[in-house]
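A look at the structure
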Amino acid sequence: MKRNIRDTFEPLTSGVIKNNATFRLVLGTCPTLAVTTAALNGLYMGLATTFVLVCSNAIISLLRKIIPRKVRIPAYILVIATFSTIVEMVMRKFLPDLYEVMGLFIALIVVNCILLARAESFSSLNPLLPSVMDGLGIGLGFTMSLTLLGLVREFFGAGSFFGLTVGFMQNLKMTVFILPAGGFMVYGLMMVLYNLVVGELEKKIEAYKNRKYIALTNPLLAEQEEAEQARRRGLFGGNK
Amino acid sequence: MPYVMLLIINAVFVNNFVLSRFLGICPFLGVSRKTDTALGMGFAVIFVMGVASVITYALNLALVAAGIEYLRTIAFILVIACLIQLVEIFVKKFSPSLYSALGVYLPLITTNCAVLGVAIMNVTELATTNVLYSFINGVASGVGFTIAILILAGIREKMEVADIPERFKGFPITLTAASLIAMAFAAFSGLTF
C-alpha cells in the first residue's frame, strides 16, 4: 500500500523539476516564448494549460482501454480541443483583457505539444490518479518556468515586476528582452542555469544513494570508503 | 497586385512565423539538425499550410453560415490532422528516405502550431474575403518558416564541430543562435509600406 501511494504521487513531484516541460523535455516552446513578455501572462497561460492538461489526462486515462491504437492521435486531439475551447470561452467571458493579450495562443493550447506528449507517453498507459497527478505536476512545472521566464523578461525589458513599476529600472530597461530575440536568449540562458543547478543536484543525490546502497550491501567497502574520505579530509586540512 | 506583394513580404520577413510570432518552434528546434531534413520539413509545411488555408477558409464559411464559430478550433484541428495523415502516406510512398529522416516530426506537424495558427489568423487577423489571399498567406508563411529553419540548420551544422561549453550543448546554444537570427529579422519590422 505504501508503495502504491508513492507511485501515485511520484509523477507530481517529478513533473515539476526532474521532468520540467520547459527546460528538460523542451515541449510547448511556442507559448513559452510568445506569452512570457510579462510574468502575469506567463502565470495565467501556465494555469490555463495546467487545467487543460489535468482534464485531458484524466479523460484519456479513463478511455485508454476503449480508444483503438490506430486512431489514438485524432481521439486525443479531440479531447484536448474540447477542453481548450472551454478555456477559450471562459477566458473571453471573464478575463477579456487577458484574452486580448494572449488571443491566438489560448486557441493554440490545443496544439501545445506538452498535451499530446503526456497523453501519448503517460496517461494512455496509466490509471486515473497517477495521470491526474502527472498532469498537475507537469502543468505546475510549466507554470513555474513560464512565470520565471516572464519575470526575468519583464524585469529587464519593461522595468516592472508582476505589472508593478520598479523605480530604478526605468532608465536601465532594455526593450530587446521583450522582443522575440530576447525571448530566445533568456530561454537559452535559463536552460543553462537549470542544467547547472539540477544537474549538480541530481549528481549529489545519485552519489548519496550510491553510498547508502554500498553501506547496506557491503559494510566492509563502506568502511574502507569512509577511511579513504577521512584520509583525504586530513590531507586537505594539512595543506591548509 | 501590390496587396499580394505586401502580403508575401509581410508573411515571409516582417512577421516571420518562427522568429517574430513564435509559432512552430518545436519543429524549428527539433528538425534543424541537418539542412536537407530541414528543407524537407519546410516543403512539407509549405504544402500543408497552403492546402490547409484553402480548406479552412471554406470550412469557416460553413461554420459561420451555421452559426457555430465557437467550434472553429476543433473543426480546424481535425481537418489539419487528416491532411497531415494524407501527406504522411504520400511522403512514405514517394520518398522513403525523407520519410525516415523526418521521423516522428511528420505526424507532429499536427501539433505544429504554425499550421493551425495560419488557419486561425486567416479568418481572424487577416479576415480576407478572398480565398486566393488566404492561400497566398498560407504559402508565404510556410516559406518564411522554411527560410528560418534552413538558416538555423546551416548554423547548427557548423556548430557540430565548434567547441561549445559543456552546459551550453544541445538546446541552449541552439536557442542562442535562434536569438541572434531573430535579432537580424527584427530589422525587417522597420519595413513600412
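Before any of the text, the structure's been laid out above.
These remarks concern the structure in this document. Each chain has its residues counted from 1, following the order in which its sequence is written. Each chain takes a letter, starting from A, and each ligand takes a number, starting from 1, following the order in which they are written. A pLDDT threshold of at least 70 governs which residues receive local features in this predicted model, and a stricter bar of 80 or more applies before side-chain atom pairs are shown or counted, although totals over entire chains, interfaces and linings include all residues. Note: side-chain values were computed over all heavy atoms of the structure, leaving out hydrogens and water.

**A closer look at the interface of chain A and chain B**
Note on contacts: a residue pair is in contact if any heavy atoms of the two residues lie within 4.5 Å. Taken together, the contact pairs 35 residues of chain A with 33 residues of chain B. Basic side-chain nitrogens of Lys or Arg form a salt bridge, by our definition, when they fall within 4 Å of a carboxyl oxygen of Asp or Glu. Put simply, B:Arg167 and A:Glu200 hold a salt bridge, and the shortest N to O gap is 3.3 Å. Here a polar contact is taken to be a pair of N or O atoms separated by no more than 3.5 Å, where protein atoms must pair a possible hydrogen donor with a possible acceptor and residues adjacent in sequence count only if both atoms sit in side chains. Linking chain A with chain B are 4 residue pairs in polar contact (both at pLDDT 80 or more). All residues other than Ala, Val, Leu, Ile, Met, Phe, Trp, Tyr, Cys, Pro, Asp, Glu, Lys and Arg, Gly among them, are scored as polar; the first ten of these are nonpolar and the last four charged. Classifying every residue of the side of chain A that touches chain B by side-chain character gives 26 nonpolar, 6 polar and 3 charged.

**Concerning empty space enclosed by the protein**
Computed over the protein atoms alone on a 1 Å grid, cavities are sets of points where a 1.4 Å probe fits but cannot get out and pockets are open sets with protein on both sides within 12 Å along at least five of seven lines; a residue lines them when it has an atom within 4 Å of a point. Grid points are joined across faces, edges and corners, and a volume is the space filled by probe spheres set on the points. Here the structure, examined in full by the defined rule, presents 2 cavities of 30 Å³ or more. By volume, the largest cavity is sized at about 70 Å³. Lining the largest cavity are 14 residues, with A:Cys30, A:Pro31, A:Leu108, A:Asn112 and B:Cys113 sitting closest to its centre.

**With respect to the layout of surface pockets**
In this structure, the second largest pocket occupies an estimated 400 Å³ of space. A:Glu88, A:Arg92, A:Tyr99, B:Arg72 and B:Thr124 are the residues nearest the centre of the second largest pocket, which is lined by 17 residues in total. Numbering of helices and strands runs from the N terminus; a helix is a DSSP stretch of H or I covering at least four residues, while a strand is a stretch of E covering at least two. Every element with two or more residues in the lining of the second largest pocket is listed here: helix H4 (72-94), helix H5 (96-102) and helix H6 (104-107) of chain A together with helix H4 (72-94) and helix H6 (113-123) of chain B. A per-element tally of the lining of the second largest pocket places H4(A) first, with 4 residues. Of the residues assigned to the lining of the second largest pocket, the class counts are 7 nonpolar, 4 polar and 6 charged.

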